[in-house]
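Inside the fold
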Amino acid sequence: MIEFNNISFRYPGSNSGVNDINLTINKGELLAILGQSGSGKTTLLKLIAGFEKPDSGIIRVNNKDITPLSCQQRNLGIVFQDYALFPHMTVLENIAYPLKLKNIDKDSRLARAAAMVQKTGLSGKEQMRPANLSGGQQQRVALARALIFEPSALLLDEPLSALDAGLREDMRQEIRQLQQQLGITTILITHDQEEAMSMADQVAVMKNGRLLQVDRPANLYHKPKTVDVAQFVGRANILPAIALEADRIECALGQLQVHAPELKAGQQLHIMIRPEHWSPIAGEHNTFAVEHLNTVFWGPTCQATVMINGTTIKAEGQLHTPPTNLSIHPEHIHLIS
Ligand SMILES: Nc1ncnc2c1ncn2[C@@H]1O[C@H](COP(=O)(O)OP(=O)(O)OP(=O)(O)O)[C@@H](O)[C@H]1O
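Being a predicted model, the structure only gives us computed values, none of them experimental. (Residues numbered from 1 in each chain as written. Predicted model: local features only at pLDDT ≥ 70, side-chain atom pairs only at ≥ 80, totals over all residues.)

Here's the deal with the overall build of the protein
- Tallying secondary structure elements over the protein gives eight helices and 20 strands in all.
- For the C-alpha atoms alone, the extent of the protein along its principal axes is close to 75 × 45 × 35 Å.
- Within the protein, the fraction of its 337 residues that count as buried is 35%. (Helix = DSSP H or I, 4+ residues; strand = E, 2+ residues; numbered from the N terminus. Buried ≥ 20, exposed ≤ 12 C-beta atoms within 10 Å, placed from the backbone.)

Digging into the packing of helix α2 (residues 91–101) against helix α4 (residues 135–147)
- Between α2 and α4, the least distance of the axes is 7 Å, while the angle of their chain directions is 30 degrees. Comparing the axis directions of α2 and α4 gives the class roughly parallel. The element α2 and its partner α4 pack so that their crossing is right-handed. Every residue of α4 that contacts α2 at Val 91, Asn 94, Ile 95, Tyr 97 and Pro 98 is listed here: Val 141, Ala 144 and Arg 145.
- For the contact of α2 with α4, the residue count by class is six nonpolar, one polar and one charged. (Axes fitted to C-alpha atoms, helices over the stretch in contact; angles between N-to-C directions. Parallel < 35°, antiparallel > 145°, perpendicular 65-115°, else oblique. Left-handed = near helix turned anticlockwise from the far one by under 90°. Contact = placed C-beta atoms within 7 Å. Nonpolar A, V, L, I, M, F, W, Y, C, P; charged D, E, K, R; others polar.)

Some points on the site of the ligand
- Contacts to the ligand come from 13 residues, most closely from Tyr 11, Ser 16, Ser 37, Thr 42 and Thr 43.
- Of the residues contributing to the shell around the ligand, the split by class is one nonpolar, 11 polar and one charged. (Near = placed C-beta within 6 Å.)

Quick look at the sheet that holds strand β20 (residues 334–336)
- Strand order in the open sheet formed by five strands is β13-β12-β11-β14-β20, and the pairing between neighbours is antiparallel. Each edge of the sheet is formed by a strand with only one pairing partner; in this case those strands are β13 (254–257) and β20. Looking at each pair of strands side by side, their axes are set apart by 40 degrees on average, direction ignored.
- Here four bridges tie strand β11 (residues 237–245) to strand β12 (residues 248–251), and the two strands are oriented antiparallel to one another. The partner of Ala 243 across the bridge, within β12, is Ile 249. (Pairing = 2+ DSSP bridges.)

Overview of helix α3 (residues 106–119)
- The end-to-end C-alpha distance of α3, which contains 14 residues, comes to 20 Å, matching closely the 20 Å that a straight helix rising 1.5 Å per residue would cover.
- Those residues of α3 that are buried are in contact with α2 and α4.
- Downstream of α3 by one or two residues, Gly 121 has phi in the positive range, about 70 degrees. (Expected span 1.5 Å × (residues − 1).)

Structural notes on the domain arrangement of the protein
- Segmentation of the protein into domains returns domain 1 (2–227) and domain 2 (235–336).
- Taking only C-alpha atoms, the centre of domain 1 and the centre of domain 2 are 39 Å apart.
- Of the residues assigned to the side of domain 1 that touches domain 2, the class counts are two nonpolar, two polar and one charged. (Domains from an automatic or database assignment.)

Focus on unusual backbone geometry
- Of note, Asn 62 is a non-glycine position whose phi angle comes to about 50 degrees, a positive value.
- Inspection of the secondary structure puts Asn 62 in the loop between β4 (56–61) and β5 (64–65).
- The class for Asn 62 is partly exposed, based on 13 C-beta atoms found within 10 Å.
- A positive phi angle is found at Asn 286, which is not glycine, with a value near 55 degrees.
- With respect to the helices and strands, Asn 286 occurs in the loop between β14 (268–273) and β15 (287–289).
- Owing to 22 C-beta atoms within 10 Å, Asn 286 belongs among the buried residues under this scheme.

Points about the sheet that holds strand β18 (residues 311–317)
- Spatial strand order, β16-β17-β18: three strands in an open sheet with antiparallel pairing. Only two strands of the sheet have a single neighbouring strand rather than two, namely β16 (291–297) and β18. Averaged over all neighbouring strand pairs, the angle between strand axes comes to 20 degrees, with direction disregarded.
- Both strand β17 (residues 302–308) and β18 contribute to a ladder of seven bridges, which runs antiparallel.

Written out as structure tokens, the structure is:
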């Protein structure tokens, strides 16, 4: 388990850093930290790894306060974006290296490295040097080296960003399987939403050094708590709205039936509609005549841009003919207050 308790940090002489971070990663779970460039993801990683010390707050790993400890004492496995492998060493030597630092004898080192070679699918590559491996294989060596000394947690800093798209998808699943098999608590830093959503038990969205929402991937997508999160995660139609009564709001599209029995007349809020939730078939509620602007073909689906009462809306799905009507089920209108 990893816990951040009221962690704040500013880089000396600047206003940048992270503010009041409270976060718990349960034992054996993978948490992805997702955010745009400069949001503070790497800073959080540096704080847990011990490269920077927080100005205030406590970080615990398995209930132990690690804040005063040095990087080495923290016993964390780290995989960096560029893997940082030793070019003059073989795969086996690279993987065994952390054990050498711990003064473990050569025979045990090599035996443990050989076992890790098996686990990470590197059999047959033991005597090769990093330069002769593919990106995915280098990534596996870095992972094996980070795991060899049985760390208390694993930190992955954009581990897949150097790989091309197809390989990246395969490696996501490989890393996730290995992480689950070993049951190791893991933090993954990424700016890639798909990577975060497909690999993580929980995703923490960061902006300007703060956590906006920490949630299961499906909750983050379907029930974002703020407009910022709704805009950042996935594609969304977001409109300001005012409540007319329970279950009814008004926005630029017109009046909409929603599912919100607790709404009070006059309440200001935003509505979010995911593009794939629009239906080209008229529904019992919320059916609109649309003016079709354009459709982009994406392969399995299309994205249509339409106007409803002067407001531009994006809809996605099997829209092979331009829609003339779109409807939205009240359950698919998410309210953000
Ligand atoms: N050594 C430093 N000194 C001063 N400011 C820094 C330093 N390192 C980072 N920052 C600032 O701290 C903020 C957070 O940076 P951080 O590197 O944590 O963001 P990030 O989300 O990891 O971005 P990226 O995805 O580009 O790596 C940014 O405003 C950045 O400019």
